[in-house]
Amino acid sequence: MSAFPDISKIEYEGPDSKNLLAFKHYNPDELVEGKAMKDHLRFASPYWHTMRNPLSDPFGVGTAQMPWDDGTESLENAKHRVGVFFEFLEKIGIDYYCFHDRDVAPEGATLTESNANLDAIAEVLESYQQSTGKKLLWGTACLFTNHRYGQGAATSPELDVFAYAAAQVKKAIEVTHRLGGEGYTFWGGREGYSTLLNTNMKRELDHLAALLHMAVAFKQEIGFDGQFYIEPKPKEPTTHQYDSDSAACLNFLRQYDLMDHFKLNLETNHAELAGHTMQHEMRVAADAGALGSVDANSGTEFIGWDTDEFPTNIYGTTTIMLELMRMGGFTTGGLNFDAKRRRDSFEPVDLFHSHIAGMDTFARGLKIAAAIRADGRIEEFVTDRYSSWDSEMGARVEGGQVSLADLEAYIIGREEPTIRSGRQEVLESIFNQFI
Ligand code: XUL
Ligand code: CO
């Protein structure tokens with residue numbers, strides 16, 4: 001029985017179409033810079049928002065209509081939901097998905113029971129993957145909802161909580177491996193603190209690193225070759241999240257000798273909460289060779305809350321696509337819509353409208369980014385801005401071959417240095433020519 005009987009497969013109809021259930025820009029097989037749109041974008045849908053988010057807020061209950069869901073935490077209901085999710089993926093034309101262990105399968109009374117539930121659901125996911133060709137972009141463990149994780153999981157003051165989290169991560173990696181996942185994400189959940197009056201920060205961070213090292217060892221042991229990601233987020237739920245932004249994560253990974261094993265999964269709304277643009281976060285990660293995947297959503301800048309909105313800002317998706325194309329595109333990663341519909345968009349069809357909006361906005365971002373790159377003026381400007389460094393002395397400085405005294409000798413007797421205009425507004429105008 002179909003969960004979306006009135007909706008057929010969403011097709012590309014072009015920019016002039018008035019059909020609300022059609023793509024205006026996302027044309028999966030259309031080539032951009034010689035590569036199909038779908039391979040540039042590698043869209044994924046997150047199980048937690050698409051299937052499990054009731055659209056509640058701190059002031060009111062959920063509004064989402066889910067006629068296929070009986071509202072219970074039974075295994076039968078969980079199995080049935082998987083079929084609905086794959087029908088959705090097929091109709092919207094998204095090839096990848098992501099999940100947390102506890103979104104797909106109910107938590108049992110004991111860890112053993114939870115693991116058995118997860119195995120039962122993994123079997124259903126596996127068979128739907130086989131029949132539809134859909135793939136798992138990444139899996140993860142939910143280490144933040146249950147009360148036991150209220151003071152952190154890997155950074156809990158309690159050893160037994162740490163052990164529980166370790167066991168949960170082990171199982172989630174196993175299942176991700178079984179489902180052919182291309183990656184596995186660690187989002188810090190409640191890994192952070194509210195006050196130093198009760199917190200030993202050094203010990204907590206050492207423990208977090210210890211868990212990640214164990215995860216690396218386990219991954220090697222079972223032959224899982226998916227990419228590990230850390231997903232930065234600065235605040236919410238704790239006051240000080242340890243993985244606050246790209247730079248903090250990279251510092252942590254370097255400090256604990258984990259750089260070879262992790263890349264970053266960057267989320268736009270988290271970048272905004274960190275007081276950065278997504279482009280900044282992506283550049284920091286890419287320059288360190290650590291840009292792995294993207295949680296493609298957005299916030300409302302002046303709200304200061306993780307609102308997980310669908311990305312509908314063309315300027316924003318253009319900058320994201322520019323950064324991705326600059327690094328040569330995704331390898332294991334993709335654009336996972338870690339986004340939920342607004343509380344007022346409560347009908348099942350709104351799942352389609354919201355994903356169409358996000359996919360079309362990214363398709364436009366991709367086409368615009370390609371046009372900006374083909375035009376070349378912005379890139380040329382940057383290259384030219386640093387051209388003084390292409391001199392012999394510039395090369396020697398960059399090669400670490402000169403001393404302060406060498407530079408003193410070089411500059412004495414020269415004319416006062418001149419600088420050129422940064423032309424920010426010119427560049428913004430050029431950028432806008434393509435929007
Ligand atoms: C929370 C968030 C998570 C991660 C996966 O803000 O982004 O859903 O993406 O745990
Ligand atoms: Co996310």
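Note that the structure is predicted; figures quoted are calculated from it, not measured.

Basis of the calculations
- For every chain, the first residue of its written sequence is number 1, and the numbers climb from 1 along that sequence.
- Chains and ligands are labelled sequentially in the order written, the chains with letters from A and the ligands with numbers from 1.
- For a predicted model such as this one, the threshold for reporting local features is a pLDDT of at least 70, and the threshold for listing and counting side-chain atom pairs is 80 or more; totals across whole chains, interfaces and linings nevertheless cover every residue.
- With hydrogens and water stripped out, all remaining heavy atoms of the structure feed into the side-chain values.
- Here a helix means four or more residues in a row that DSSP labels H or I, a strand means two or more in a row labelled E, and each is numbered from the N terminus.
- Here the radius of gyration uses the C-alpha set of atoms, whereas the globule reference equals 2.2 Å times the residue count to the power 0.38.
- By definition, residues are in contact when any of their heavy atoms lie within 4.5 Å.
- Reported accessibility uses the Shrake-Rupley method at a 1.4 Å probe radius. Residues are deemed covered only where the shown protein chains occlude them.
- Only four residue types enter the charge count, namely Lys and Arg as positive and Asp and Glu as negative; His and the chain termini do not.
- By convention, the charge on Lys lies at NZ, on Arg at CZ, on Asp at CG and on Glu at CD.
- Listed donors are limited to N, O and S atoms within 2.8 Å of the metal, widened to 3.2 Å for Na, K and Ca; water is not among them, so incomplete-looking sites are possible.
- Working rule for geometry: tetrahedral if four donors all subtend angles between 85 and 135 degrees; square planar for four, octahedral for six, if opposite donors exceed 155 degrees and the others stay between 65 and 115; irregular in every other situation.
- An automatic or database domain assignment provides the domain bounds reported here.
- Here the term buried applies to any residue with accessible area under 20% of the maximum for its type, exposed to any over 50%, and partly exposed to those in between, with areas from a 1.4 Å probe on protein chains only.
- Between any two strands, pairing holds if DSSP finds at least two bridges.
- What is meant by a nonpolar core is a set of buried Ala, Val, Leu, Ile, Met, Phe, Trp, Tyr and Cys residues, joined one to another through side-chain atoms within 4.5 Å.

## Points about the overall build of the chain
Thought 1: Of regular secondary structure, the chain possesses 16 helices and 14 strands.
Thought 2: In terms of overall size, the chain behaves like a compact globule, its C-alpha atoms giving a radius of gyration of 24 Å where 435 residues would be expected to give roughly 22 Å.
Thought 3: C-alpha atoms of the chain, sized along the principal axes, occupy 80 × 60 × 45 Å.
Thought 4: Of the contacts formed within the chain by residues at least 6 apart in sequence, a portion of 76% connects residues at least 24 apart.
Thought 5: Carbon together with sulfur atoms contributes 51% to the accessible area of the chain, which is approximately 20900 Å² in total.
Thought 6: Taken as two groups, the 40 positive and 66 negative side-chain charges of the chain have centres that lie 1 Å from each other.

## Regarding the coordination of the cobalt ion (ligand 2)
Thought 1: Protein coordination at the cobalt ion (ligand 2) comes from Glu231 (OE), Glu267 (OE), Asp295 (OD) and Asp338 (OD), with a distance range of 2.0 to 2.1 Å.
Thought 2: Its 6 donor atoms give the cobalt ion (ligand 2) angles of 80 to 168° at the centre, a pattern that matches the octahedral case.

## Looking at the domain arrangement of the chain
Thought 1: On domain assignment, one finds that the chain holds domain 1 (29-375) and domain 2 (392-433).
Thought 2: Just the C-alpha atoms count here: the centres of domain 1 and domain 2 sit 41 Å apart.

## Looking at the pairing of strand β12 (residues 262-267)
Within a regular strand, side chains alternate between the sheet's two faces.
Thought 1: Of all 6 residues in β12, 5 are buried; the element is thus mostly enclosed.
Thought 2: For β12 and strand β13 (residues 291-295), the ladder comprises 4 bridges, and the chain directions are parallel. Bridge pairing links Leu266 to Val294 in β13.

## Focus on the nonpolar core
General note: in soluble globular proteins, nonpolar side chains tend to be found buried as a group.
Thought 1: In terms of nonpolar packing, the biggest core is built from 103 residues, with Phe252 and Leu335 touching the most fellow members.
Thought 2: Here the element with the most residues in this core is helix α12 (residues 348-375); it accounts for 11 residues.
Thought 3: The contact partners of Leu335, leaving out residues within four places of it in the chain, are Leu41, Arg42, Phe43, Ala44, Val294, Ala296, Met321, Leu324, Phe330 and Phe362.
Thought 4: Judged by nonpolar contacts, the second largest core, of 7 residues, contains Tyr96, Leu137, Trp138 and Tyr229.

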